[in-house]
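Each chain, written out:
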Amino acid sequence: MSDHVVLHVKGRVLVGPDDVRDELWAVDGRITYDRPCAEALTVEGWALPGLVDAHCHVGLDHHGAVDETTSEKQALTDRDAGTLLIRDAGSPSDTRWIDDREDLPKIIRAGRHIARTRRYIRNYAHEIEPGDLVAYVAQEARRGDGWVKLVGDWIDRDAGDLTACWPRGEVAAAIAEAHRLGARVTAHCFAEVALRDLVEAGIDCIEHATGLTEDTIPLFAERGVAIVPTLVNIATFPDLAAGAEAKFPDWSAHMRRLYERRYDTVRAAYDAGIPVFVGTDAGGSLAHGLVAAEVAELVKAGIPPLQALSATAWGARQWLGRPVLEEGAPADLVVYDTDPRADVGALAAPRRVILNGRVVG
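Counting of residues starts from 1 at the beginning of each chain's written sequence and follows it residue by residue. Whole-chain, interface and lining totals are the exception, using all residues; otherwise, since this is a predicted model, local features are given only for residues with pLDDT of at least 70 and side-chain atom pairs are given and counted only at 80 or more. As a rule here, side-chain values cover all heavy atoms of the structure and leave hydrogens and water aside.

A. Examining the packing of aromatic side chains more closely. Centres within 6.5 Å are what make two rings of Phe, Tyr or Trp a pair, Trp counting through its six-membered ring; a difference in plane orientation under 30 degrees is then read as stacked, over 60 as edge-to-face, and the rest as tilted. Per the stated rule, a full pass over the model turns up six aromatic pairs. Chaining the aromatic ring pairs together yields one cluster made of Tyr-120, Tyr-124, Trp-154, Phe-190 and Phe-237. Counting as a charge over the ring demands two things of the Lys NZ or Arg CZ atom: a distance within 6 Å of the ring centre and an angle within 35 degrees of the ring normal. Positioned over the ring face of Tyr-259 is Arg-262, at 3.9 Å from the centre of the ring. Arg-262 extends its terminal NZ or CZ atom over the ring of Tyr-263, reaching a point 4.1 Å from the ring centre.

B. Just the nonpolar core, in detail. Nonpolar cores were defined as sets of buried Ala, Val, Leu, Ile, Met, Phe, Trp, Tyr and Cys residues, with membership established by side-chain atoms within 4.5 Å. Remark: exposure states derive from per-residue accessible area (1.4 Å probe, protein chains only) relative to the maximum for the residue type, with buried under 20%, exposed over 50%, and partly exposed in between. If you look at the biggest cluster of nonpolar residues, it comprises 81 residues, and the most contacted ones within it are Leu-48, Leu-133, Leu-150, Ile-203, Ile-206, Phe-220 and Leu-298. The contacts of Ile-203, once residues within four sequence positions are left out, are Ile-175, Val-185, Thr-186, Ala-187, Leu-198 and Val-225. Counting 17 residues, the second-largest nonpolar core is a separate cluster that includes Ala-26, Ala-329, Ile-354 and Val-359. Any two residues whose heavy atoms approach within 4.5 Å at even a single point are treated as in contact.

C. Here's a closer look at the sheet that holds strand S9 (residues 106-109). In this analysis, strands are considered paired if DSSP registers two or more bridges between them. Helix and strand definitions here come from DSSP, where helices need a minimum of 4 consecutive H or I residues and strands a minimum of 2 consecutive E residues; each element is numbered from the N-terminal end. One open sheet accounts for three strands, arranged S5-S8-S9; its pairing is parallel. Of all the strands in the sheet, just strand S5 (51-56) and S9 have a single pairing partner and so form its edges. With direction set aside, neighbouring strand axes in the sheet form an average angle of 20°. Here S5 pairs with strand S8 (residues 83-88) via four bridges, running parallel. Angular values range over 0 to 180 degrees, each being the angle between N-to-C directions of two axes fitted as lines to C-alpha atoms, with helices fitted over their stretch in contact.

D. Representation of the pattern of salt bridges. Any carboxyl oxygen of Asp or Glu within 4 Å of a side-chain nitrogen of Lys or Arg constitutes a salt bridge here. Going through the model one piece at a time under the given rule, you end up with 23 salt bridges. With its nearest N and O atoms 3.3 Å apart, the salt bridge here joins Arg-21 to Asp-19. Classification of Asp-19 as partly exposed rests on a relative accessible area of 31%. In this structure, Arg-96 engages Asp-145 in a salt bridge whose closest nitrogen and oxygen atoms are separated by 2.8 Å.

E. Up close: the environment of Gly-211. Examined against the element boundaries, Gly-211 turns out to sit in the loop between strand S16 (205-208) and helix H5 (217-223). The sequence separation of Gly-211 and Ala-191 amounts to 20 residues, and the corresponding C-alpha distance is 4.3 Å. Beyond its immediate sequence surroundings of up to four residues, Gly-211 is in contact with Phe-190, Ala-191, Glu-192, Leu-195, Thr-216, Leu-258 and Arg-261.

F. Inspection of the packing of helix H2 (residues 133-143) against helix H3 (residues 168-180) at higher detail. Running from N to C, H2 and H3 point in directions that differ by 25°, and their axes come no closer than 9 Å. Classed by the angle they form, the pair H2 and H3 counts as roughly parallel. Remark: the crossing between H2 and H3 carries right-handed chirality. Two secondary-structure elements touch here, H2 through Leu-133, Val-134, Val-137, Ala-138 and Arg-142 and H3 through Glu-170, Val-171, Ala-173, Ala-174, Glu-177, Ala-178 and Arg-180. Class assignment for the residues of the contact of H2 with H3 results in eight nonpolar, no polar and four charged. Any angle from 65 to 115 degrees is called roughly perpendicular, while one under 35 is roughly parallel, one over 145 is roughly antiparallel, and all others are oblique. Put simply, a crossing is left-handed when the front helix is turned counterclockwise from the back one by less than a right angle, and right-handed when it is turned clockwise. Charged means Asp, Glu, Lys or Arg here, nonpolar means Ala, Val, Leu, Ile, Met, Phe, Trp, Tyr, Cys or Pro, and polar covers whatever is left, Gly included.

G. Spotlight on the state of the cysteines. In this description, a disulfide is simply a cysteine sulfur pair whose atoms lie within 2.5 Å. Summed over all chains, the structure comprises zero disulfides. Take Cys-56: it sits in no disulfide, and the sulfur closest to it among the cysteines is that of Cys-205, at 15 Å. You can call Cys-56 buried: its relative accessible area is 0%.

H. Just the pairing of strand S19 (residues 352-355), in detail. Judged from the three bridges that link them, strand S18 (residues 333-336) and S19 form a sheet pairing that is antiparallel. Within the sheet, the bridge partner assigned to Val-334 lies in S19 and is Val-353. Looking at chain direction, S19 and strand S20 (residues 358-359) are connected through two bridges and run antiparallel. Each residue of the ladder has a partner; that of Ile-354, found in S20, is Val-359. Count of turn residues in the S19/S20 antiparallel hairpin: two residues, of which Asn-356 carries a positive phi of about 55°.

I. Representation of helix H8 (residues 249-260) within the structure. When the terminal C-alpha atoms of H8 are compared, their 17 Å separation across twelve residues agrees well with the 16 Å that a helix rising 1.5 Å per residue should span. Within the span of H8, buried status applies to Trp-251, Ser-252, His-254, Met-255 and Leu-258. Projected down its long axis, H8 carries its buried residues within an arc of 160°, all on one side. Against strand S13 (153-156), strand S14 (161-164), helix H7 (237-244) and helix H9 (262-271) lie the buried residues of H8. Helix span, as expected, comes to 1.5 Å for every residue beyond the first. Along the arc lie the directions from the helix axis toward the C-beta atoms.

J. Unusual backbone geometry, seen in detail. You will see that Arg-118, though not glycine, has its phi angle at about 55°, which is positive. Position of Arg-118 relative to the elements: it lies in the loop between strand S10 (114-116) and strand S11 (126-128). Residue His-208 is not a glycine yet carries a positive backbone phi of 80°. Tracing the backbone shows His-208 in strand S16.

K. Region of the structure containing the sheet that holds strand S1 (residues 6-14). The seven strands are arranged S3-S2-S1-S4-S18-S19-S20 in an open sheet whose pairing can be described as mixed. Two strands close off the open sheet at either side, each with one partner strand: strand S3 (30-32) and S20. Sheet topology places strand S2 (residues 20-27) next to S3; three bridges connect them, and they run antiparallel. Paired with Val-27 across the strands is Arg-30, a residue of S3.

Here's what the structure looks like:
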């Protein structure tokens, strides 16, 4: 990691989608547009605010919690891909130690997943019954950084398909309690069945959202409920379906249908005005560092490139209440050789990664 106190970023600084400046400086880790007197290290190229992965799991793999060494490797992989702000959408690990590391991405935590008993991946979540939902949501709201993560649907082995995990009354009370404590609530949802109850109960965001239909899309748009489609994760649905075909044929067929219409679903949501943000779902079965691939997937789904870019840059940071490249903000930015607005493929090859005013990659 560079020890330079003053950094000069020169070329084209994308302060906003249409706000382009010629240069900025990082002094003591903060952005300034006033030329300092001190000698500076110069980095040239197209600069974006540090990218956002709004659905990522640091401290988690497919078995459950991982040690600090593994968590560090996950965070470094995301950082080197240009992801400098992570919304950790559920983890059983305590990753607060990362906050003391100026060379690792900043993390907004949603605490630990809250799931129905035996209705989620083993070792991931608090597995509880509806009567305890309000108490656990309050606990995780206090432990997190302004978010709580529910598991809204999962396979019901008796039904042989995805079903809703929570009765409407209990989830409404839980969301109200989170809001009272200043936290927003998001939920994992693959299917159609839980969406209306969750939105009408006041939820703020839905992860995956593959079950959106023409009946629920207007409701999401009216309420301003965001979605994080995680299309790089939805790409795994055919393999999951194939593996469960013999035991759960209805679930497998359902997962295939959700997969086949995934791009149409995302484009319909965007066209209706639903806020869409970039998330990879890294840390479960998926590798870290996939933010560029997810942006490319959103474009493939039909979202205009500039809006897909905003979904991991300016718009995502605004949604999460974090600064972009304004005066005095932390100097967290990524520099590319070409204009990522013209081709989001540029995101796959960062030229320099700058975190807290220092070149780290």
